[in-house]
Protein chains: 2
Amino acid sequence: MSIGDFVHEEIPTAEVDRLEVVYAGLADSVRDLVDATIRTTVDDETIRRTQAEVGALAERLRARQLDGPAGVRFNSEARSWNWGNAVVGLRNALAPPLTLVRDEDGLVHADTVLGAAYEGPPGLVHGGVAALLLDHLMGETASAGHTRITLTGTLTMRYRRGTPLGPLRLESRIDREEGRKVYVVAHLADPDGITVEADGVFIVPSWAV
Amino acid sequence: MSIGDFVHEEIPTAEVDRLEVVYAGLADSVRDLVDATIRTTVDDETIRRTQAEVGALAERLRARQLDGPAGVRFNSEARSWNWGNAVVGLRNALAPPLTLVRDEDGLVHADTVLGAAYEGPPGLVHGGVAALLLDHLMGETASAGHTRITLTGTLTMRYRRGTPLGPLRLESRIDREEGRKVYVVAHLADPDGITVEADGVFIVPSWAV
């Protein structure tokens, strides 16, 4: 796998929308299987039998597939899709997936519910998962809704307390800009308040100005 | 799901070892299915049929299961297992899983190969995935092989360049300690060198001294 480019793929937007429903269904079922694989207590024989059947399903899907990762694709109607993305990719069972909402006042937020697959300490969200989700939200915030290219420079997380698995909210906004530097602040919160704070410096590359 | 404790479960170590082989087999097949779900280009009908079968397999596994997340368990032989962990959990298809190696000189390292499920920008590891893996490695480093409890205080990532999907190495070590603060430095590298640097401050809680 090598460093790829954004790929122009001429699929009409209506067809992209239709495909998303089909693919999201499969990915949701795989997410459910990931959770069940962690939590099941069925006997060994059932585990082995299930493993063989999962293997056969993967083989069926691989009968025709992309050579490498999904990348980011777009059509001439300016519709783009990054179905494989580790945080927002709707075909990626690792992604919750996060749905970002851009509010009118510049705040970007996302609501999600994290289960067993995102655990670190017992019953708590893995600290690195908090960083994973916040990193993505902040990058999207810096790029101002993909109206400009920004690269992550530095990212700092401050862990105030453990984040329980369950319903969570992420919020992010641009704090200030200085030349080609965009300063973003963000946090992760459970229903009782903020658990992790983050700030990041994003760079608009000189070739993109 | 609530904040859990470490659970004492009296399974003999030899049986834990045996179970790990069974469960790791299933999780590896699910990892393969996650990748295939991202990359497949088979027709809609095959996708829908596969979705139904994946759902049936998850239902079979759920016939008997834990009420919540896997947590961290241990037996009276001081063998512990955290099979659900988002980074090192061998039953968690989201985890690569990372295998940490503690060298004699205090360096902790891990080698891994990241595929399509860990993508951010086209062909590159998601910046948040780099943070996820480094966070875990650094926490383990601070805890000195689980000989003490440490909580993550702050974590800073500096992105030097994009990290290509493929073979990667992570390294981490304790830089210094001041009272109850443990300073850890780490990096992620591809075959050409370092791509992300990190440093973190970990706290030994006062009740644990």
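Please refer to the structure placed before this passage.
1. Side note on the sheet that holds strand β5 (residues 108-114) of chain A
Link 1 in the chain: Strand order in the open sheet formed by 12 strands is β4(A)-β5(A)-β7(A)-β8(A)-β9(A)-β6(A)-β6(B)-β9(B)-β8(B)-β7(B)-β5(B)-β4(B), with antiparallel pairing between adjacent strands. The sheet terminates laterally at β4 (101-102) of chain A together with β4 (101-102) of chain B, the two strands that pair on one side only.
Link 2 in the chain: In terms of strand pairing, strand β6 (residues 151-159) of chain A meets strand β6 (residues 151-159) of chain B through 5 bridges, oriented antiparallel. Of the residues in β6 of chain B, the one forming a bridge with M157 of chain A is L155 of chain B.

2. Quick word on the relation of the copies chain B and chain A
Link 1 in the chain: When chain B is brought onto chain A, the operation consists of a screw motion whose angular component is 180° and whose axial shift is 0.0 Å, with 0.0 Å RMSD remaining. Seen this way, the second copy is the image of the first under a two-fold rotation axis. Residue T156 of chain B, judged by its C-alpha, is the member of chain B lying nearest the rotation axis, at 2.1 Å.

3. Remarks on the interface of chain B and chain A
Link 1 in the chain: In this assembly, 87 residues from chain B lie in contact with 87 residues from chain A.
Link 2 in the chain: Ranking the residues of chain B by area buried against chain A places R39, L94 and P122 of chain B at the top, with a combined share of 9%.
Link 3 in the chain: Across the contact surface, chain B and chain A share 8 salt bridges.
Link 4 in the chain: Our count for the contact surface shared by chain B and chain A stands at 49 residue pairs in polar contact (both at pLDDT 80 or more).
Link 5 in the chain: Residue assignment for the side of chain B that touches chain A shows that the elements contributing at least two residues are α1 (13-39), α2 (44-61), α3 (127-142) and β6 of chain B.
Link 6 in the chain: Ranked by residues supplied to the side of chain B that touches chain A, first place goes to α1 of chain B with 17 residues.

4. As for α2 of chain B
Link 1 in the chain: A rise of 1.5 Å per residue sets the reference length of α2 of chain B, with its 18 residues, at 26 Å; its end C-alpha atoms lie 26 Å apart and thus fit the reference within 8%.
Link 2 in the chain: All of the buried residues in α2 of chain B are D44, T46, I47, T50, V54, L57, A58 and L61 of chain B. Along the axis of α2 of chain B, the buried positions cluster into a sector of 145°, meaning they face one direction only. α2 of chain B presents A52 and E59 of chain B as exposed residues on the side facing more than 90 degrees away from its buried surface.
Link 3 in the chain: Where α2 of chain B is buried, its residues contact α1 (13-39) and α2 (44-61) of chain A together with α1 of chain B.
Link 4 in the chain: The backbone nitrogen of E45 of chain B lies 3.1 Å from a side-chain oxygen of the residue at the head of α2 of chain B, namely D43 of chain B.

5. Let's talk about the side chain of H109 of chain B
Residue and element names in this part refer to chain B.
Link 1 in the chain: Here H109 lies in strand β5 (residues 108-114).
Link 2 in the chain: Of the residues examined, H109 reaches a relative accessible area of 10% and is grouped as buried.
Link 3 in the chain: A distance of 3.1 Å separates a polar atom in the side chain of H109 from a polar atom in the side chain of D103.
Link 4 in the chain: If we skip the residues at most four places from it in the chain, H109 touches T99, L100, V101, D103, L137, R169, L170 and E171.

Criteria and thresholds
Residues numbered from 1 in each chain as written. Chains lettered and ligands numbered in written order. Predicted model: local features only at pLDDT ≥ 70, side-chain atom pairs only at ≥ 80, totals over all residues. Heavy atoms only, no water. Pairing = 2+ DSSP bridges. Helix = DSSP H or I, 4+ residues; strand = E, 2+ residues; numbered from the N terminus. Least-squares fit on C-alpha atoms with pLDDT ≥ 70 in both. Contact = heavy atoms within 4.5 Å. Buried area = accessible area lost by both parts, 1.4 Å probe. Salt bridge = Lys/Arg side-chain N within 4 Å of Asp/Glu carboxyl O. Polar contact = N/O pair within 3.5 Å; in protein donor to acceptor, adjacent residues only side chain to side chain. Expected span 1.5 Å × (residues − 1). Buried < 20%, exposed > 50% of the residue type's maximum accessible area, 1.4 Å probe, protein only. Arc of directions from axis to C-beta.

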